[in-house]
Amino acid sequence: MTEVSNATGQGIGARLLRKEDARYLHGRGNFVADIDLPGLQEVAFLRSPVAHARLKSINVPADISDRTYAAKDLAGVKPVEAHSSIPKFKPSEYPAMATEKVRFVGELLAMCVAPSRAEAEDLVQRLSIDIEELPPVIDAVKARQRDSALLHEEWGDNIFLPTSININFDEYAKKADVVVKREYKLARQCMMPMEGKGVLAYWDEREEQLVVYASTQVPHMIRTGLSLALGLDQSLIRVVAPDVGGGFGYKCVLQPEEIAVAWLAMKRRHPVRWVEDRREHLTSGANAREHHYVVTAYADKRGKLLALDAEITVDVGAYAVWPWVCFEGPQAGGNLPGAYIFGGYRCQTYSMATNKPPLVPYRGVSRPGVCFAIEMTVDAVARAVGREPAEVRLENLVPASSMPYTNITNKHYDSGDYPSSLKSAIEKIDLAGVRARQKLPEPDGRLIGVGFAPYTEQTAHGTKVFAAWGIPLVPGFEQASVRLTPGGGLEIRVGVQSHGQGMETTLAQIANEILGIDVAKIRVVHGDTKFTPYSTGTYASRSIVMAGGAVSKTCTLLGERMKRIGAHLMQCKTEEVKLDQDKMRGPTGQVSVREIADVWYLHPEQLPDDVDPGGLEATGGYKPKVDTGAFTFGTHAAVVAVDPELGSVEILDYVIIEDCGSLVNPMVVEGQTYGGAAQGIGTALYEEMPYDQAGQPLASNLADYLVPGAAEVPQLRIFHTQTPSPFTEHGIKGVGEGGAIAPSGAIVSAINDALRPLGAEVNSIPATPRRVLTAIEVAKARSAKQ
């Protein structure tokens, strides 16, 4: 593990400004809402106003019947059904529009089309529905009860998927001197990308092809899903992802709106578009993070963990999404041990159906929840044995070792030093100074606390991982195509989709590392199934590992072809030619990349007779040597001030120790980390979508659904270390989700550290002032009884 030093040049390690930012900052981006086509009309949806009901009829005035469409009109459209090979999984049909039943507020019932969105919304206002309301299922834990109402009657219960793990639990639990039990809750969240969902579709008569512009992370995957839903061969569908304003997992599933609008384009034979507004996003897109944990830890007298027993309930919502089904519950069970090592583990998970929007894999998926749960548990153990929580953490972390190393559930094939990361965080946050400060009363009466959260992030999950999860679409080799252009530039084509990661810059840097071509002359083409190789897309912090590896491998192939031409021009052996910047250098001279391009495209008579007929283009595939994932790791540390009278929390200091292997562009990594941490602060302190007993969402605007802004996000202090992966190209690991995983664990650990003199604990997030004050009142009441 080494500290980072900035690289020179434009290749791997260089702090280059992002190429794509110029068009965004100057308003030249091209998003779904910016596209203008002749004859374009806009779509608005009628959505269910109730959480659970039988749909008897949709009443459409006769004068707008030719502009209104419901499920009965969608001839040939099949409901999406995500299957899993995991035993006991129950599939659910997710229709593009509700048929006999509605299962959450915001579910699609009908759509109207008009020249403008306002006119389409006016048409929707004229529709009415006849329904028979049913008891809603709101609490995922109560949904397990035998007398609960049922979402999918044919199941006989509300359990999408139960899973269980038992690894030597009884053997280690019986050795414990200390047993602590806690219950934790995470609130449901929205993902809040700057740009909501959006889709524009039309039938291209010349190409005889359905063209779909979608704000998506996974254009090839969406093409596959649309093919299944619409009954069209994939060759008849082209999906284009233009500029995309954030995704976070929200846009890596097949959306019912995409199916409906695509069908409408074929029906009406003119372009149609729908763009999600913020209220739609909040009411029908609250689809992340809602977990419930009951955790019992077994430890020795010093706080060394011996065994862990957990029951995890994940609120999946009304349907399993395609293609990810509902793996978040099983993933939570596998990830709960996190960076800690102990001998016995028992875990039961329940993935439950409720009358809420379907769960989508949000940034970090289960990891922010399990990080929060395990860190609160380690804190509880430290309090029980009367030791410094940071010391207890250090003694429980997976020790530094060479690969492979393992916690109880996951074998990590990357080398790593978790204790060193935590020690660095302890030093940077000045734990000793915080403890000294706590001994003195604060002038304003607030309480000071410090908390830590070590974490791991499994990035670039490969074929074996997704196959084990039993999902219907498993990633394999990632491909890239590269072409030396006539002017001596480079064109890269990849199937992943950049929506904020800076891949137009970082992939160009990897190509520069291999070929030496100026980054300004490298163009990255992505997001269009017509021009790019097949890929399952961008998710799970995979793109820079997988697409970056494919670009590196393919540029190496192209470089060999260029060397052979260069050697012929310099009249030397190929093995004597070296790539140096944008030139081929031999024993007696040099040839520029531009000259090689000129010879191939303009003067082929100068080529050797045995030249590779593939020319200056190459396509290659890549998969890491070990495809179970590259493990990023790090530690977050927070110092907070808690007002015991108001319940308010202020973050005074925040340190991030981050290790994602070799950094392609440290500045891009920092941007990803800043953004992830800001989202994590939202999870810890602000963001929550509550529901009433009727299943109505209670935060339908940004006055009620709080997100952290500039005033709520402190100055984050990031420190990089590099532990290159021995199994990926250039030692690169993913980083897209790391920043979002640890904040809830670190911040609430700090809050509870501040509340420790009062005997109070916050075990639900977000840790709002109400929850902080409730914890204090509960502690006072408990103390009064003693």
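Structure report, in brief. (Residues numbered from 1 in each chain as written. Predicted model: local features only at pLDDT ≥ 70, side-chain atom pairs only at ≥ 80, totals over all residues. Heavy atoms only, no water.)

Things to note about the packing of helix α4 (residues 219-230) against helix α5 (residues 256-268)
Argument step 1. One way to put it is that α4 packs onto α5 with a least axis distance of 10 Å and a crossing angle of 65°. The angle between the axes of α4 and α5 places the two elements in the roughly perpendicular class. Where α4 crosses over α5, the handedness of that crossing is right-handed. Judged by residue contacts, I222, L226, A229 and L230 of α4 engage E258, I259, A262, W263 and M266 from α5.
Argument step 2. Grouping the constituent residues of the contact of α4 with α5 by class yields 8 nonpolar, no polar and 1 charged. (Axes fitted to C-alpha atoms, helices over the stretch in contact; angles between N-to-C directions. Helix = DSSP H or I, 4+ residues; strand = E, 2+ residues; numbered from the N terminus. Parallel < 35°, antiparallel > 145°, perpendicular 65-115°, else oblique. Left-handed = near helix turned anticlockwise from the far one by under 90°. Contact = heavy atoms within 4.5 Å. Nonpolar A, V, L, I, M, F, W, Y, C, P; charged D, E, K, R; others polar.)

Things to note about α5
An α-helical turn contains 3.6 residues, so a residue and the one three or four places further along point in the same direction.
Argument step 1. Across its 13 residues, α5 extends 18 Å between first and last C-alpha, which sits within 8% of the 18 Å expected from 1.5 Å per residue.
Argument step 2. Within α5, 11 of the 13 residues are buried, which leaves the element mostly enclosed by the surrounding structure.
Argument step 3. Residues P256, E257, E258, I259, A260, V261, A262, W263, L264, A265 and M266 constitute the buried set of α5.
Argument step 4. Backbone geometry just after α5 places R269 at a positive phi near 60°. (Expected span 1.5 Å × (residues − 1). Buried < 20%, exposed > 50% of the residue type's maximum accessible area, 1.4 Å probe, protein only.)

Remarks on the pairing of strand β15 (residues 272-275)
Argument step 1. As paired elements, strand β2 (residues 41-47) and β15 share 2 bridges and run parallel to each other. Its bridge partner lying in β15, E42 is registered against R273.
Argument step 2. Here strand β12 (residues 198-204) pairs with β15 via 4 bridges, running antiparallel. Along β15, the bridge assignment pairs L200 with R273. (Pairing = 2+ DSSP bridges.)

Observations regarding the packing of helix α9 (residues 389-396) against helix α10 (residues 418-429)
Argument step 1. Axis separation between α9 and α10 bottoms out at 9 Å; the angle between their running directions is 165°. Between α9 and α10, the interaxial angle falls into the category roughly antiparallel. For the element pair α9 and α10, the recorded crossing hand is left-handed. Residue-level contacts link A390, R393 and L394 of α9 to P419, L422, K423 and I426 of α10.
Argument step 2. Of the residues assigned to the contact of α9 with α10, the class counts are 5 nonpolar, no polar and 2 charged.

So, the pattern of salt bridges
Argument step 1. Taken as a whole, this structure holds 55 salt bridges when the rule is applied.
Argument step 2. Between D66 and R67 there is a salt bridge, with the nearest N and O atoms lying 3.8 Å from each other.
Argument step 3. With relative accessibility at 29%, the residue R67 sits in the partly exposed group.
Argument step 4. Across the pair R117 and E121 runs a salt bridge, and its minimum N-O distance is 2.9 Å. Here the residue R117 and the residue E121 both occupy positions in helix α2 (residues 117-125), the gap between them amounting to 4 residues, near one helical turn.
Argument step 5. Relative accessible area serves as the criterion here: at 32%, E121 is assigned to the partly exposed category.
Argument step 6. Here the residues in one salt-bridge network are R47, R117, E121, K197, E257, D277 and E280, joined through shared partners. (Salt bridge = Lys/Arg side-chain N within 4 Å of Asp/Glu carboxyl O.)

Structural notes on the sheet that holds strand β26 (residues 583-585)
The strands that make up a sheet are held in pairs by hydrogen bonds between backbone atoms, and each pair lies either parallel or antiparallel.
Argument step 1. If you trace the 3 strands from one edge of the open sheet to the other, you get β25-β26-β27, paired in antiparallel fashion. Every interior strand has two partners, whereas the edge strands, β25 (578-580) and β27 (590-592), have only one. Across the sheet, the mean angle from the axis of one strand to that of its neighbour is 30°, orientation sign disregarded.
Argument step 2. Here β25 pairs with β26 via 3 bridges, running antiparallel. If you follow D580 over to β26, its bridge partner there is K583.
Argument step 3. Packed onto the sheet, helix α14 (residues 543-570) meets β25, β26 and β27 and runs at close to 60° relative to β26.

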